[in-house]
Amino acid sequence: MASQRTEEPMPMDHECTLRIKYDTTEQAHMVLRALSVDRELAPERANKELRVEGNFLVAHFKAVEFRLLRTTLSAFTEMVLLANRTFDLATDKLIQELQDEEHRPTAATATPQQKPRM
Amino acid sequence: MEPTPPHSDAAPRKRARTDGKRCIAIGFEGSANKVGVGIVADDGTIFANVRKTYITPPGTGFLPQETARHHREHVLELAKQAFKIAHMTPNDIDVICFTKGPGIAAPLVSVAVVVRMLAQLWGKPIVGVNHCVAHIEMGRVVTRARNPVVLYVSGGNTQVIAFAQGRYRIFGETIDIAVGNCLDRFARILQLPNEPAPGWQIEQLAKQGKQFIELPYVVKGMDVSFSGLLSNISKRATEMLAAETATKADLCFSLQETVFAMLVEVTERAMAHCHSSEVLIVGGVACNERLQDMMRAMVTQRGGSLCAMDERFCIDNGAMIAYTGLLSFLQGQVTPIEQTTCTQRYRTDEVPITWRAGEVDEPGD
């Protein structure tokens, strides 16, 4: 199976482009850096190119079959959604949220600074 | 929002905080069906260690994509919880650590994406951590074991390890499936619940076992094998349960006695080889009290001591990743964001244990 693929590369006829808008170009760059680290499992069958245009993260996908394009796209969108949600943990936002929690009467009581000993 | 500063790993320089404060790390773990976040200091103090386990219905195991989805759903909430429990904010953190491998790719990558984002958002360096080394270091710091022979037993790994010449060397290991995988899969055959853990269910049932059923005992030199044993008991279980010649409890008891005896045998040989008197058991299976009792009996006979922990630190957790990453970080090591890839295969002995570089090799001194 693998040998058939390497003989002649199949044409990547199926393409699509996603444009994802962010508040700032820095945010788009952050997501680009976080998502361009991992290699595609079979780059000769499906791959993606990422770039930033203004406030947009632009992702261009290519695949040898339509089904593969869909799965690559779907895996990528899951990761984008996850990366987007991490903006809620930006320092200022998180500190604010932690402080709000602290001031609530039902704030969880914790026992930090404990050294575990068995 | 500062992007991650560029790092050079050319000439690592040892780090220490100049303000006299302890170095603090946050660690993210997600190599299997648990996702965890821990916050620790360089002296081993654990400020927070929260985790969530992906539990599937009885008779089923966890699959990569579903597990990754579970981790994506919970990882951010766990991070918030960790800060809350630790009474800290991202400003208190010096370094962000994550599991680079070994483990299952999809869940590993999901957690790594979060770590890469947070490193940029918080302007903190990243350290990639070997999951197996993290189990060992967590065990050492919690039990105060100095230089033990380590039995690392979990759903994905089974290794007998000792420190020699700057690395954790593998003296013996499974040649097929991990012991935890063998137990988990047998639990599936018996349709036992996966909550809180399939191995825990087997351990409880085994306590009521009355009859020992002889099973294949497969030790090959320093290595062990569980896959043939699992096939054997799986096939016979169906027949014996139908004919009522054995109960589920008898089967669980016999399985535990057999596989644990194999593990104790190779661990004893490693102790003799290394002239060591300390044994540390780590990994998810390490919280099995029957395994601890059998190991303790062997170690005591040799005049040694057993170091074991409970499920908070045995089972995959974020604190072990944070602590081990911190040990590396203090030696000047960081992982540039472009190198924060995950790897399914990452052997324990691939990692130079720089923080123990000055130590004498011989265990048990």
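This is a predicted model, so every value here is computed, not measured.

Cut-offs used in this document
Residues numbered from 1 in each chain as written. Chains lettered and ligands numbered in written order. Predicted model: local features only at pLDDT ≥ 70, side-chain atom pairs only at ≥ 80, totals over all residues. Heavy atoms only, no water. UniProt positions renumbered as here; feature names shortened; annotations may be inferred. Helix = DSSP H or I, 4+ residues; strand = E, 2+ residues; numbered from the N terminus. Buried < 20%, exposed > 50% of the residue type's maximum accessible area, 1.4 Å probe, protein only. Contact = heavy atoms within 4.5 Å. Pairing = 2+ DSSP bridges. Axes fitted to C-alpha atoms, helices over the stretch in contact; angles between N-to-C directions. Domains from an automatic or database assignment. Buried area = accessible area lost by both parts, 1.4 Å probe. Salt bridge = Lys/Arg side-chain N within 4 Å of Asp/Glu carboxyl O. Polar contact = N/O pair within 3.5 Å; in protein donor to acceptor, adjacent residues only side chain to side chain.

Chemist: Looking at this model, I keep getting lost on the UniProt feature "binding site: a divalent metal cation" (unreviewed entry) in chain B. Mind explaining?
Modeler: Residue and element names in this part refer to chain B. What UniProt calls "binding site: a divalent metal cation" (unreviewed entry) maps, in this numbering, to His131, His135, Tyr152 and Asp316. Taking the farthest pair of C-alpha atoms as the criterion, the annotated set spanning 186 residues converges on one region, since that pair is 11.9 Å apart. With respect to the helices and strands, histidine 131 occurs in helix α3 (residues 131–143). Overall, histidine 131 belongs to the buried group, its relative accessible area being 3%. Not counting residues within four places of it along the chain, the set of residues in contact with histidine 131 comprises Glu29, Ser31, Thr99, Gly101, Pro102, Tyr152, Asp316 and Met320.

Chemist: Can you help me understand the sheet that holds strand β2 (residues 46–53) of chain A in this one?
Modeler: Paired through backbone hydrogen bonds, the strands of a sheet run either parallel or antiparallel to each other. All names here are of chain A. Strand order in the open sheet formed by 3 strands is β1-β3-β2, with antiparallel pairing between adjacent strands. On the outer flanks of this sheet lie β1 (14–21) and β2, each paired with one strand and no other. Shown here is a sheet whose adjacent strand axes are inclined to one another by a mean of 15 degrees, direction ignored. Two strands pair when backbone bridges link them, and β1 and strand β3 (residues 56–63) are joined in this way by 8 bridges, in the antiparallel orientation.

Chemist: Honestly, the UniProt feature "binding site: substrate" (unreviewed entry) in chain B in this entry has me stumped. Any pointers?
Modeler: All names here are of chain B. Mapped onto this structure's residue numbering, the UniProt feature "binding site: substrate" (unreviewed entry) falls at Tyr152, Val153, Ser154, Gly155, Gly156, Asp184, Gly199, Glu203 and Asn288. Setting aside its immediate chain neighbours within four residues, aspartate 184 contacts Pro198 and Gly199. Mapped onto the elements, glutamate 203 comes out in helix α5 (residues 198–206). Excluding its chain neighbours within four sequence positions, the residues that come into contact with glutamate 203 are Gln256, Cys287, Asn288, Glu289 and Arg290.

Chemist: Before we go on, may I ask you to explain the domain arrangement of chain B in this structure?
Modeler: Residue and element names in this part refer to chain B. Domain annotation for chain B reports domain 1 (24–139 + 313–356) and domain 2 (147–309). Taking the mean C-alpha position of each, domain 1 and domain 2 sit 26 Å from one another. Listed per partner, the contact involves 26 residues of domain 1 and 27 residues of domain 2. Among the residues domain 1 hides against domain 2, the three largest losses belong to Ile136, Cys314 and Arg356. Together they make up 27% of the total. Inspection of the region where domain 1 meets domain 2 yields 1 salt bridge. As a salt-bridge pair, glutamate 173 and arginine 347 come within 3.1 Å of each other at their nearest N and O atoms. Taken together, the links from domain 1 to domain 2 amount to 11 residue pairs in polar contact (both at pLDDT 80 or more).

Chemist: I'm lost on the pattern of salt bridges in this one. Help?
Modeler: If charged atoms from side chains of opposite charge come close, those side chains can pair. Throughout the structure, instances matching the rule amount to 20 salt bridges over all chains. Note that aspartate 38 of chain A is salt-bridged to arginine 116 of chain B, the shortest N-O span being 2.9 Å. Here aspartate 38 of chain A, found in the loop between α2 (25–35) and β2, pairs with arginine 116 of chain B, found in helix α2 (residues 105–122), and the two come from separate chains. Judged by relative accessible area, which is 1%, arginine 116 of chain B ranks as buried. Across the pair lysine 80 of chain B and glutamate 97 of chain A runs a salt bridge whose closest N-O atoms are separated by 3.2 Å. Here lysine 80 of chain B is found in helix α1 (residues 64–86), whereas its partner glutamate 97 of chain A is found in helix α4 (residues 91–103) on a different chain. On the basis of relative accessibility, which here comes to 30%, the residue glutamate 97 of chain A falls in the partly exposed class. Each of the salt bridges in this network shares a partner with another, and the network as a whole consists of Arg19, Arg51 and Glu53 of chain A.

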